[in-house]
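Residue strings, one per chain:
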Amino acid sequence: MKLSFPVPFFCALTIAMAPAPAKELPPPATRPVDFVADVQPLLHDTCLKCHGPEKQKNGYRVDVKSIAVKGGDTHGAAIVPGHSAESPLIKFVAGLDEDMLMPPKGERLTAEQIGLLRAWIDQGAVWPESASTPLEDPRKTHWAFQPVARPAVPAVPAPGVRVRVRNPIDAFIAARLAEKGLTPSPEADPRTLVRRLHLILHGLPPTPRQVEAFVADARPDAYERLVEEMLASPRYGERWARHWLDVIPFGETHGFEVNTPRANAWPYRDYVIEAFNKDTPYPRFILDQLAGDTTGVDAATGFIVAAAALLPGQVGKDEESKLKARQDELNEMIAGAGGAFLGLTLHCARCHDHKFDPVTQSDYYAIQAIFAGVRHGDRPLTTPAAEEHRKDAPAIRARLETALVQLLDFEPLASADGRARSALRAPVHSRVNVDRFAPVKTQQLRFTILATSDNNLYEPCLDELEVFTAGPDRHNVALASAGARVTSSGDYRDSTKHRLEHLNDGAYGNDRSWISNTRGHGWVQVELARPETIDVVRWGRDRELKFRDRLPVQYRIEVADDLGEWQTVAASGDRATYVDEKAAAPQIPPGLEDARLAAWHAASGAAKDLEKELRAVTEASMVYAGRFEQPGPTFKLYRGEASQRREQVGPGAVTAIGVSLHLPVEAPDRDRRVAFAQWLGDRQNPLPARVLVNRIWQHHFGEGIVSTPNDFGRNGARPSHPELLDWLADEFMSHGWSIKELQRLIVTSATWRQASAPEPKGLQKDAATRLLWRFPPRRLEAEAIHDSMLAVSGVLDLRMGGPGYSVFAPNSNYVRVYDPKPEYGPAEWRRMVYQTKVRMAQDSTFGAFDCPDAGQSSPHRARSTTPLQALDLFNSGFVNQQAELFAARLRREGGDENLAAQIKRAFQLTVLREPAADEARVCAQLANQEGLPVLCRVLLNANEFLFIP
């Protein structure tokens, strides 16, 4: 058996080495060796640079006794007391492995030095505790792991200093500025404030009427009234939900190579919007997202399964591949919850204890046990509306089946000998295929597969085999419920999805299908309850069209006579050549003319309408929010390897943070998720309130008090205003964990209401404006730019909720290709938060503006400036279209022939002021020379329109 050792203090590489013969090593020194006098100086001079306090390659240190002996991240002892020849440390410094010469640079250890190390180890590796560097305990020293304590509000600066204190936020900011010899900026003018409020709280510009009303409002509480009005608007939730969806990361496709849609993911987005609008207390917000199935909001648990996930067909068939895929899936859930709620990189403890934070590998697997009962997938909604939809579905499904059965009469007769009678029948399709033949009385039918669409690389699949009686009262007699029995040549070894009994259970789709156990071949046989006169066989590979592999393309259908002799009634030879289909549209059967063709179109149209109605009802009652089951045991894994189980771990949380959480190993799935949510929402947990407060602050000022919003650990940034962060966290919890109350506190502060104009002194001492001596101006995000353009052009559709709109051309490839639509219309003029979020594909215009691709959490968007952004905003089809619509609005509201009024109105709508005389003159020249839409395009590209002031 090979033993796996770490490279001791050098690099993360697993080495399997048998003990080296002692004669290959320099002999150990014969004298007594003292660690402090002989060994410690040697380790200090040759190893400390890479394996000391400043740097720890492979997680190894030679200045800390426990780590030096135990070894680095790849496990295995580096020093084996009493056995120097078996100690990996000696093997590497002696260069026994030519690929791992250590130290890697500089002078190698001499034979005498190696002999000293050997003698020290052979003599018991005695290392006094006083000679070991004490390890820092981050639980006691790192700010984020300390309990939230409400600090005293700093005293107001002395009279004469230019500071306005409207609430305690201003006192904390002013005190920090005073340390740097800076003072806050004066308050911004009313027009700037009303625009800033609308852009930050709603992501939309105010209308000219709203601006003028605020400017003219002389009441002393006019500003506070405006804040209340804006927090009560449904536009608020749409704006702030987008920030949370970045953190998740929320996407409406599965990602990876296939990237197929998640048709029912959108209810989670609607839940988040509603939660912000209702000001759901943060602990309840957490509970909903981890256990919404217990709180009456099923859609909320879309949080757990928001990340990309491999489809079943993308995971290898072997057990190890399945285990690894499941571990990756659970890791995404842990990383999502850890980053969003705790601001910790919990996933770094998957293979070993966290290098920087007090998160052990056991903690990681305890949290994995919390999510062990969650599987990706849809589940039924339990809302009253969904229940009503479910009640409608059976009736619609029955009407649809009647319509589909009527279409069978239009199918041409199949050829038993494989030769076309007149014209070739339609090619085989993954969804549904019909073989109609002359009526024949039989009790047994056999479907034999001769070849598949993937050149017989995989075992063929059928999701349902239906046999219909001849005559006016057609019905399927192959159903198990009708007494029919099925047998096969052999079945695929899968105990859940691909089972023989699924072949005639009346359910469609890959999850209810049969797969042969032979590549490219196989047969299934149906024995009817009694002899029947039949004339149609209907079959498919996957009528949900999620999978198109394993499709039978060559086959034979036979029936048995009274003597048990088999005769062919239909075969694939008279079908058109199979091609990998791009769409699922039904093809017109050959040979139909005049009245028969018109009747087919009518019947086909009726069936399509019913399919659409059924799909709408079905999808309205389902949500992609995870499926829950009772979890099996969770095991700690050696180095995170899915097949390397160690001891069993019960459900729990981070033991070093907050209150303790211990559940029995057999705890039900729901209880686990509820307990974890309550642990996160406990006031004694020092992280969730700090993390959330920081996120809200970030989206008000462009940067959080902690600039690494998903990492509050020791590897993250230190807070710019630590006392303010703790005061806000305590205030947040003390006021019912109300996010709107926190927003109200921030936007009514003098700090938030400052002007944004630069000052030389401030730029010199704090160019990044981290100390907030002014309000930091910044460019709007992609969504706010998009929505603002629609607003000023006058076509913004403020309809809320429901399935989103797509900016990509439709396609049904197995591997999805997302090509931009060639043009946009009213269906695409909703707010961008309702745009279907496709992973790894971007809106053709606004994707360039640092939009996350939902591949991973994006708690802080980059703010780049690129030539492509300028090109997109000036030349894209969307912007040109909106410029035309904007121009049409100006003509309506300013008068067809009154260019001056049109220009005035354009400035009022875009930059919320009237043009200066020279601006009006230049704009008139441009409009006269190039046309009003070009002027509109220029204004839509103006910095004054695109920036938060």
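Residues numbered from 1 in each chain as written. Predicted model: local features only at pLDDT ≥ 70, side-chain atom pairs only at ≥ 80, totals over all residues. Heavy atoms only, no water.

A.B. asks: Describe the overall build of the protein, listing the residues and the values that go with them.
C.D. replies: On a plain count of helices and strands, the protein comes out with 28 helices and 18 strands. Structurally, the protein occupies a C-alpha span of about 100 × 100 × 50 Å along its principal axes. Out of the 949 residues in the protein, the part that is buried amounts to 54%. Once local pairs closer than 6 in sequence are excluded, the contacts in the protein between residues at least 24 apart make up 72%. The distance from the centre of the 113 positive side-chain charges to the centre of the 121 negative ones in the protein is 2 Å. (Helix = DSSP H or I, 4+ residues; strand = E, 2+ residues; numbered from the N terminus. Buried < 20%, exposed > 50% of the residue type's maximum accessible area, 1.4 Å probe, protein only. Contact = heavy atoms within 4.5 Å. Lys, Arg positive; Asp, Glu negative; His and termini not counted. Charge placed at Lys NZ, Arg CZ, Asp CG, Glu CD.)

A.B. asks: Could you give me a rundown of helix 27 (residues 932-940), with the residues and numbers involved?
C.D. replies: One turn of the α-helix equals 3.6 residues, which is why residues spaced by three or four share an orientation. Counting buried residues along helix 27, eight of its nine residues qualify, which places the element largely inside the surrounding structure. Regarding helix 27, the residues found buried are Leu 932, Pro 933, Val 934, Leu 935, Cys 936, Arg 937, Leu 939 and Leu 940. For helix 27, the secondary structure elements touched by its buried residues are helix 22 (782-793), helix 23 (867-875), helix 24 (877-894), helix 25 (899-910), helix 26 (917-930) and helix 28 (943-946).

A.B. asks: Account for the packing of aromatic side chains, with residues named and values stated.
C.D. replies: All told, the structure shown has 30 aromatic pairs when counted by the stated rule. With centroids separated by 6.1 Å and ring planes inclined at 50°, the aromatic side chains of Phe 172 and Trp 727 adopt a geometry described as tilted. Of this pair, Phe 172 sits in helix 6 (residues 168-179) while Trp 727 sits in helix 19 (residues 722-734), placing them 555 residues apart in sequence. Residue Phe 172 shares its accessibility class with Trp 727, and that shared class is buried. What links up through ring pairs into an aromatic cluster is the set Trp 244, Phe 250, Tyr 268, Tyr 271, Phe 276, Tyr 282, Phe 285, Phe 303, Phe 341, Phe 732 and Trp 737. For Arg 196, the ring lying beneath its charged end belongs to Trp 752, and the centroid distance is 5.6 Å. Over the ring of Phe 775 we find Arg 196; its NZ or CZ atom is 3.7 Å from the centre of that ring. (Phe/Tyr/Trp six-rings, centres within 6.5 Å; stacked < 30°, edge-to-face > 60°. Lys NZ or Arg CZ within 6 Å of the ring centre and 35° of its normal.)

A.B. asks: Break down the state of the cysteines for me, with residues and values.
C.D. replies: For the structure shown, the criterion picks out zero disulfides. For the unlinked cysteine Cys 47, the closest cysteine sulfur is that of Cys 50, found at 8.7 Å. There is no disulfide at Cys 351, and the cysteine sulfur nearest it, in Cys 348, is 9.6 Å away. (Disulfide = S-S within 2.5 Å.)

A.B. asks: Tell me about the pairing of strand 8 (residues 485-488), and name the residues and values.
C.D. replies: Residues of strand 8 alternate between two faces, with Val 486 and Ser 488 buried on one and Arg 485 and Thr 487 left unburied on the opposite face. With four bridges connecting them, strand 8 and strand 10 (residues 522-540) associate as antiparallel partners. Each residue of the ladder has a partner; that of Val 486, found in strand 10, is Val 526. (Pairing = 2+ DSSP bridges.)

A.B. asks: A description of the packing of helix 10 (residues 234-247) against helix 11 (residues 266-277) should follow, citing residues and the corresponding values.
C.D. replies: Relative to each other, helix 10 and helix 11 sit at 120°, their axes nearing to 7 Å. Classified by the interaxial angle, the pair formed by helix 10 and helix 11 is oblique. For the element pair helix 10 and helix 11, the recorded crossing hand is right-handed. In this structure, helix 10 contributes Pro 234, Tyr 236, Gly 237, Glu 238, Trp 240, Ala 241, Trp 244 and Leu 245 to the contact, and helix 11 contributes Tyr 268, Arg 269, Val 272, Ile 273, Phe 276 and Asn 277. Of the residues contributing to the contact of helix 10 with helix 11, the split by class is ten nonpolar, two polar and two charged. (Axes fitted to C-alpha atoms, helices over the stretch in contact; angles between N-to-C directions. Parallel < 35°, antiparallel > 145°, perpendicular 65-115°, else oblique. Left-handed = near helix turned anticlockwise from the far one by under 90°. Nonpolar A, V, L, I, M, F, W, Y, C, P; charged D, E, K, R; others polar.)

A.B. asks: How would you summarise the environment of Ala 606 if you had to cite specific residues and measurements?
C.D. replies: Mapped onto the elements, Ala 606 comes out in helix 16 (residues 594-620). Exposure remark for Ala 606: the relative accessible area of 36% places this residue in the partly exposed category. Remark: the alpha-carbon pair of Ala 606 and Ala 403, spanning 203 residues in sequence, is separated by 7.0 Å.

A.B. asks: Go over helix 18 (residues 688-701), please, and point to the residues and values.
C.D. replies: Here helix 18 contains 14 residues, and its C-alpha end-to-end distance of 20 Å stays within 8% of the 20 Å for a straight helix at 1.5 Å per residue. When you tally the buried positions in helix 18, you get 14 out of 14 residues, the bulk of the element. Of the residues one or two after helix 18, Gly 702 is the one with positive phi, at around 90°. (Expected span 1.5 Å × (residues − 1).)

A.B. asks: Describe the nonpolar core, listing the residues and the values that go with them.
C.D. replies: Judged by nonpolar contacts, the single largest core of 163 residues is most densely connected at Trp 244, Phe 371 and Phe 676. Aside from chain neighbours lying at most four places away, what touches Trp 244 is Tyr 268, Val 272, Phe 276, Tyr 282, Phe 285, Gln 289, Phe 303, Ala 340, Phe 341 and Arg 695. Ranked by size, the runner-up nonpolar core spans 30 residues in total, among them Val 440, Leu 445, Phe 447 and Ala 570. (Core = buried A, V, L, I, M, F, W, Y, C linked by side-chain atoms within 4.5 Å.)

A.B. asks: Account for the side chain of Arg 474, with residues named and values stated.
C.D. replies: Within the fold, Arg 474 resides in the loop between strand 7 (464-469) and strand 8. Among the polar contacts made by the side chain of Arg 474, one reaches the side chain of Asp 409 at a distance of 2.8 Å. A polar side-chain atom of Arg 474 sits 2.5 Å from a polar atom in the side chain of Asp 535. (Polar contact = N/O pair within 3.5 Å; in protein donor to acceptor, adjacent residues only side chain to side chain.)

A.B. asks: Tell me about the side chain of Thr 751, and name the residues and values.
C.D. replies: When you line up the elements, Thr 751 lands in the loop between helix 20 (739-747) and helix 21 (760-765). The residues contacting Thr 751, other than those within four sequence positions of it, are Ile 169, Asp 170, Ile 173, Phe 701 and Leu 772.

A.B. asks: Give a detailed account of a negative patch on the surface, specifying residues and quantitative values.
C.D. replies: Together, Asp 318, Glu 319, Glu 320 and Glu 641 make up a negatively charged patch on the protein surface. Mapping Asp 318 onto the fold places it in the loop between helix 12 (282-295) and helix 13 (319-342). On the accessibility criterion, Asp 318 (40% relative accessible area) is partly exposed. (Patch = residues over 30% accessible without salt bridge, like charges linked within 9 Å, V, L, I, M, F, W, Y side chains within 5 Å. Areas by Shrake-Rupley, 256 points an atom, 1.4 Å probe, with all protein chains shown as cover. Salt bridge = Lys/Arg side-chain N within 4 Å of Asp/Glu carboxyl O.)

A.B. asks: Talk me through the pattern of salt bridges; I want residue IDs and the actual numbers.
C.D. replies: Where side chains of opposite charge bring their charged atoms close, a pairing between them can arise. As enumerated under the stated definition, the model contains 65 salt bridges in all. Among the salt bridges present, the one from Asp 574 reaches Arg 425, with a minimum N-O distance of 3.0 Å. Residue Asp 574 is found in the loop between strand 12 (566-571) and helix 16, and its partner Arg 425 is found in the loop between helix 15 (384-407) and strand 5 (433-452); the two are separated by 149 residues along the sequence. Residue class for Asp 574 comes out buried when judged on its relative accessible area of 1%. Arg 690 is the partner of Asp 726 in a salt bridge, and the nearest nitrogen-oxygen pair spans 2.7 Å. Of the two residues, Asp 726 sits in helix 19 while Arg 690 sits in helix 18, which places them 36 residues apart along the sequence.

A.B. asks: Give a detailed account of a positive patch on the surface, specifying residues and quantitative values.
C.D. replies: Taken together, Lys 49, Lys 55, Lys 57 and Lys 105 make up a surface patch of like positive charges. Along the chain, Lys 57 turns up in the loop between helix 1 (35-46) and helix 2 (65-70). On the basis of relative accessible area, Lys 57 is assigned to the partly exposed category, the value being 35%.

A.B. asks: Explain the environment of Gln 764 residue by residue, including any values.
C.D. replies: With respect to the helices and strands, the residue Gln 764 is situated in helix 21. Its relative accessible area of 68% is what places Gln 764 among the exposed residues. Between the C-alpha atoms of Gln 764 and Ala 451, which are 313 residues apart in sequence, the distance is 75 Å.

A.B. asks: Got a sec to walk through unusual backbone geometry? Specific residues and values, please.
C.D. replies: Residue Ile 248 is joined to Pro 249 through a cis peptide bond whose omega torsion reads -5°. Inspection of the secondary structure puts Pro 249 in the loop between helix 10 and helix 11. Its identity is not glycine, yet Asp 279 carries a phi of approximately 55°, on the positive side. Looking at where Asp 279 falls in the secondary structure, it is placed in the loop between helix 11 and helix 12. Positive phi values are uncommon outside glycine, yet Ala 854 reaches one of about 65°. When you line up the elements, Ala 854 lands in the loop between helix 22 and helix 23. A relative accessible area of 2% places Ala 854 in the buried class.

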